[in-house]
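Spelled out from the first residue to the last, the chains are:
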Amino acid sequence: MRRIESLGKILDQVIRKEGLGKRELAGRRLARKILSESLGPTLSAHADVASVRTGVVVVEVDSSALFQELEGFRRQELIACFRTAGLKVRELRVRLKQGR
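Residues numbered from 1 in each chain as written. Predicted model: local features only at pLDDT ≥ 70, side-chain atom pairs only at ≥ 80, totals over all residues. Heavy atoms only, no water.

**Overview of the sheet that holds strand β2 (residues 56-61)**
Item 1. Read across the open sheet, the three strands follow the order β1-β2-β3; overall the sheet is mixed. Where the open sheet ends on each side, the last strands, each with one partner, are β1 (47-53) and β3 (91-96). Each strand axis lies, on average, 20 degrees off the axis of its neighbour in the sheet, ignoring direction.
Item 2. Across the face of the sheet, helix α3 (residues 64-73) comes into contact with β1, β2 and β3 while running at roughly 165 degrees to β3.
Item 3. The strands touched by helix α4 (residues 75-84) within the sheet are β2 and β3, with β3 carrying the most contacts at an inclination of about 125 degrees. (Pairing = 2+ DSSP bridges. Helix = DSSP H or I, 4+ residues; strand = E, 2+ residues; numbered from the N terminus. Axes fitted to C-alpha atoms, helices over the stretch in contact; angles between N-to-C directions. Contact = heavy atoms within 4.5 Å.)

Pasting the structure below:
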């Protein structure tokens, strides 16, 4: 007879295996929401928050043009938006997704 585990237990195992804490997951969700609201639906479809750790938000983008826009022109704006939402962000890193 197979033992059926609860969904909560399975998620806890996945979170522990991936090294993600509940606080980090909540911060990442909030950062994704803020990024989406700041960039709008067209641009946010090409960007995603890869991680939020110790004051550093890492955003991955799939185009070099968007990379340049976020890196060069909108960095301070995004940091301010993250801070306004309650995230303690001191740095924003933008990287281009590999394997395009």
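**A look at unusual backbone geometry**
Item 1. Look at Thr-54: it is not a glycine, yet its phi comes out positive at around 35 degrees.
Item 2. Inspection of the secondary structure assignment puts Thr-54 in the loop between β1 and β2.

**Regarding the pairing of β1**
Consecutive residues of a regular strand have side chains that alternate between opposite faces of the sheet.
Item 1. Here β1 lies mainly inside the structure; five of its seven residues are buried.
Item 2. Of the pairings in the sheet, the one linking β1 to β2 comprises six bridges and is antiparallel in character. If you follow Ser-51 over to β2, its bridge partner there is Val-58.
Item 3. As consecutive antiparallel partners, β1 and β2 are separated by two residues, and within that stretch Thr-54 has a phi angle of approximately 35 degrees, a positive value. (Buried < 20%, exposed > 50% of the residue type's maximum accessible area, 1.4 Å probe, protein only.)

**Brief notes about the side chain of Arg-74**
Item 1. Along the chain, Arg-74 turns up in the loop between α3 and α4.
Item 2. For Arg-74, a relative accessible area of 14% corresponds to the buried category.
Item 3. Within polar-contact distance, the side chain of Arg-74 engages the backbone oxygen of Ser-38 at 2.9 Å.
Item 4. A distance of 3.2 Å separates polar atoms of two side chains, one belonging to Arg-74 and the other to Glu-77. (Polar contact = N/O pair within 3.5 Å; in protein donor to acceptor, adjacent residues only side chain to side chain.)

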